[in-house]
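Here's the letter readout for the chains.
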Amino acid sequence: MEFNRHSIALLRQIKRLAKDEQGCDIHFDSVSLEHDLRELVRSGVSIELLRLV
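Criteria and thresholds
Residues numbered from 1 in each chain as written. Predicted model: local features only at pLDDT ≥ 70, side-chain atom pairs only at ≥ 80, totals over all residues. Heavy atoms only, no water. Patch = residues over 30% accessible without salt bridge, like charges linked within 9 Å, V, L, I, M, F, W, Y side chains within 5 Å. Areas by Shrake-Rupley, 256 points an atom, 1.4 Å probe, with all protein chains shown as cover. Salt bridge = Lys/Arg side-chain N within 4 Å of Asp/Glu carboxyl O. Helix = DSSP H or I, 4+ residues; strand = E, 2+ residues; numbered from the N terminus. Buried < 20%, exposed > 50% of the residue type's maximum accessible area, 1.4 Å probe, protein only. Expected span 1.5 Å × (residues − 1). Arc of directions from axis to C-beta. Contact = heavy atoms within 4.5 Å.

Participant: Please clarify how a nonpolar patch on the surface should be interpreted in this entry.
Facilitator: Together, Val41, Ile47, Leu50 and Val53 give the surface a local cluster of nonpolar side chains, amounting to about 310 Å² of exposed area. With respect to the element layout, Val53 can be found in the segment after α3 (47–52). For Val53, a relative accessible area of 39% translates into the label partly exposed.

Participant: What exactly am I supposed to notice about helix α1 (residues 5–22) here?
Facilitator: An α-helical turn contains 3.6 residues, so any two residues separated by three or four positions project in the same direction. The end-to-end C-alpha distance of α1, which contains 18 residues, comes to 25 Å, matching closely the 26 Å that a straight helix rising 1.5 Å per residue would cover. What α1 keeps buried is the set Ser7, Leu11, Ile14, Leu17 and Ala18. On an axial view of α1, the arc spanned by its buried residues comes to 135°, and they lie on one face. In α1, the exposed residues that point more than 90 degrees away from the buried face are Arg5, Arg12 and Asp20.

Participant: When you look at helix α2 (residues 33–42) in this model, what are you seeing that I'm missing?
Facilitator: Within α2, burial applies to Leu33, Asp36, Leu37 and Leu40. Projected onto a plane normal to the axis of α2, the buried residues spread over an arc of 95° and lie on a single side. The inward-facing, buried residues of α2 abut α1 and α3. Of the residues flanking the end of α2, it is Gly44, one or two places downstream, whose phi is positive at about 85°.

Pasting the structure below:
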């Protein structure tokens, strides 16, 4: 995935909401980002956060 200003801003928003809702940390490195996002969705997040992901 290539990161640009928009995608970085979106990831920061997802990271902040994930931390607030689930206490989990999203890593931006390409190796774990997909895994972290999949785990986040499986954990049962709010509709707002799910739409962002």
